[in-house]
Every structure is written in structure tokens, then in C-alpha cells.
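The primary structure of each chain is shown beneath.
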Amino acid sequence: MEYTLATMNDLPAIKTLLARYHKDTISQEDIAGGFVTTKLSDQQFEDLIVNRKGVTLAKDENGTVKAFALAAGWDYWMQVPIMKRMTEVLPDMPFEGTALDETNTYQYGPVCVDVSVRGTGVFEGIFKASLKQFEDQYPVMVTFINQINGRSYAAHTKKAHMTEIGTFDFNDNHY
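Remember, predicted model here, so these are calculated numbers, not experimental data.

Caption draft 1: Highlighting the packing of aromatic side chains. For the structure on display, the rule yields 9 aromatic pairs. Their ring planes at 25° and their centres at 6.2 Å tell us that F123 and F127 sit as a pair that is stacked. Of the two residues, F123 and F127 both sit in helix α6 (residues 122–134), 4 residues apart, roughly one turn of that helix. In this structure F123 comes out as buried when scored by relative accessible area, which is 10%. The exposure class of F127 is buried, given its relative accessible area of 7%.

So this is what it looks like as C-alpha cells:
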């Protein structure tokens, strides 16, 4: 598996993967395996890909996109309502004695891994590749996970060894 930053040529494949696993369009047989909730316009994706270098991909030996992870600073994510809500609750969720805010953290996620490569280390690989992209810019990475998405929670806490620092509600969902 090759881990690389996306280019605009990758956008159709990213959107196809997103549509397959988005909570609004995922098939019933796939929903238990995890889902994503974030929607971005083509213009938002272009900004994230071209200007922010915030889309990390996992591609197989044929160059097929098998996974993606999104990440960026809060100045980018403020256009997404749930992300704005996260910045409001960050100060109430210190991490290892450090007060968190929009200057010392960035938002990672969603991450989306095709079912055909789950359990093969792709999640861990794309997580590490995405983390490396921002490690020199921000001391802390944060994300949110819908509490009904057990597979995502398990992947992030067990495979990525992330620490839960708090919960919040948004649009009748618990994160």
C-alpha cells in the first residue's frame, strides 16, 4: 500500500469512496462496519487538497484509492458546523494537563477505509501518514467519533491509541 497526499486527479475516487460509506448513502450491510458523516463540496475538497495538503490516501499496487484521511487546522474546518461546535468545547477538555484550543490542535478525520482492505493495517498506515503531515505544525491532533460508530471508536482507541478526553452533543448525536 502506498500512502500519499491527494491531488485533484484523485477527487473522483475520494468522492466515490465517501459516497459508499457516508451515513446518508451507506448500504445497510456496510453500516455496522463504520461510516463517515462529513460532507464537503468540490470547492472545499480543492482547498483541502491543493492549499492545505490535508488529504492523505492509501493506494493499492494498481493505484486504486482504498482509503483516505482528512486533516486541517481549524481555520479550514470552521465552515463545517460540527467542527465549529468542537472548537467551542475544546477548552473544557484538557489533554495531559494542556488546555486545548484552535492554536495548539488540528482536526483529523474523517477517515474512510474500504471494506476490501480492513484488517490489513491500512487504517494504522493512513493514520500515521496523516499524523506525520501535521506533526511539525500542531502539538495535538483531535477528532470526534459518533458514539454509535463502534468500529471507528475501536480503531481510534485500540489501533491508533488515541485517548478519549471528553464528549459533546451536536444535532441529536453524541460524540
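Caption draft 2: Local environment of the environment of D92. Looking at the secondary structure, you find D92 in the loop between α5 (81–89) and β4 (105–113). Residue class for D92 comes out exposed when judged on its relative accessible area of 65%. Linking D92 and T167, residues 75 residues apart in sequence, is a C-alpha distance of 10.0 Å.

Caption draft 3: Layout of the packing of helix α1 (residues 11–21) against helix α3 (residues 42–51). For the pair α1 and α3, the least separation of the axes is 12 Å and the interaxial angle reads 120°. Here α1 is positioned oblique relative to α3, judged by the angle of their axes. Our pair here, α1 against α3, has a crossing hand that is right-handed. Between α1 and α3, the contacting residues are L11, I14, K15 and L18 on the first element and D42, F45 and I49 on the second.

Caption draft 4: Representation of unusual backbone geometry in the model. Of the consecutive residues G109 and P110, the connecting peptide bond is found in the cis state with omega at 10°. With respect to the helices and strands, P110 occurs in strand β4. Although it is not a glycine, K53 adopts a positive phi angle of roughly 50°. Along the polypeptide, K53 turns up in the loop between α3 and β2 (55–59). For K53, a relative accessible area of 39% puts it in the partly exposed group. Positive phi, normally seen in glycine, also occurs at N171, with a value near 50°. Mapped onto the elements of the fold, N171 is located in the loop between β6 (169–170) and β7 (173–174). When its relative accessible area of 59% is taken as the criterion, N171 is described as exposed.

Caption draft 5: Geometry of the sheet that holds β2. Taken in spatial order, the 5 strands make up an open sheet running β1-β2-β3-β4-β5, and their pairing is mixed. Two strands bound the open sheet, and with one partner strand each, they are β1 (2–5) and β5 (140–142). Looking at each pair of strands side by side, their axes are set apart by 25° on average, direction ignored. Pairing of β4 with β5 involves 3 bridges; the strand directions are parallel. Following the sheet pairing, T105 is matched in β5 by V140.

Caption draft 6: Up close: the nonpolar core. Residues W77 and F168 are the most contacted members of the largest nonpolar core, which totals 37 residues. When residues of this core are traced back to their parent elements, those giving at least two are α1, α3, β2, β3 (65–72), α4 (74–77), α5 and β5. No other element matches the 5 residues that α1 contributes to this core. Among the nonpolar cores identified, the runner-up in size contains 19 residues, and V113, M141, A155 and A160 belong to it.

About the criteria used
- Residues numbered from 1 in each chain as written.
- Predicted model: local features only at pLDDT ≥ 70, side-chain atom pairs only at ≥ 80, totals over all residues.
- Heavy atoms only, no water.
- Phe/Tyr/Trp six-rings, centres within 6.5 Å; stacked < 30°, edge-to-face > 60°.
- Helix = DSSP H or I, 4+ residues; strand = E, 2+ residues; numbered from the N terminus.
- Buried < 20%, exposed > 50% of the residue type's maximum accessible area, 1.4 Å probe, protein only.
- Axes fitted to C-alpha atoms, helices over the stretch in contact; angles between N-to-C directions.
- Parallel < 35°, antiparallel > 145°, perpendicular 65-115°, else oblique.
- Left-handed = near helix turned anticlockwise from the far one by under 90°.
- Contact = heavy atoms within 4.5 Å.
- Pairing = 2+ DSSP bridges.
- Core = buried A, V, L, I, M, F, W, Y, C linked by side-chain atoms within 4.5 Å.

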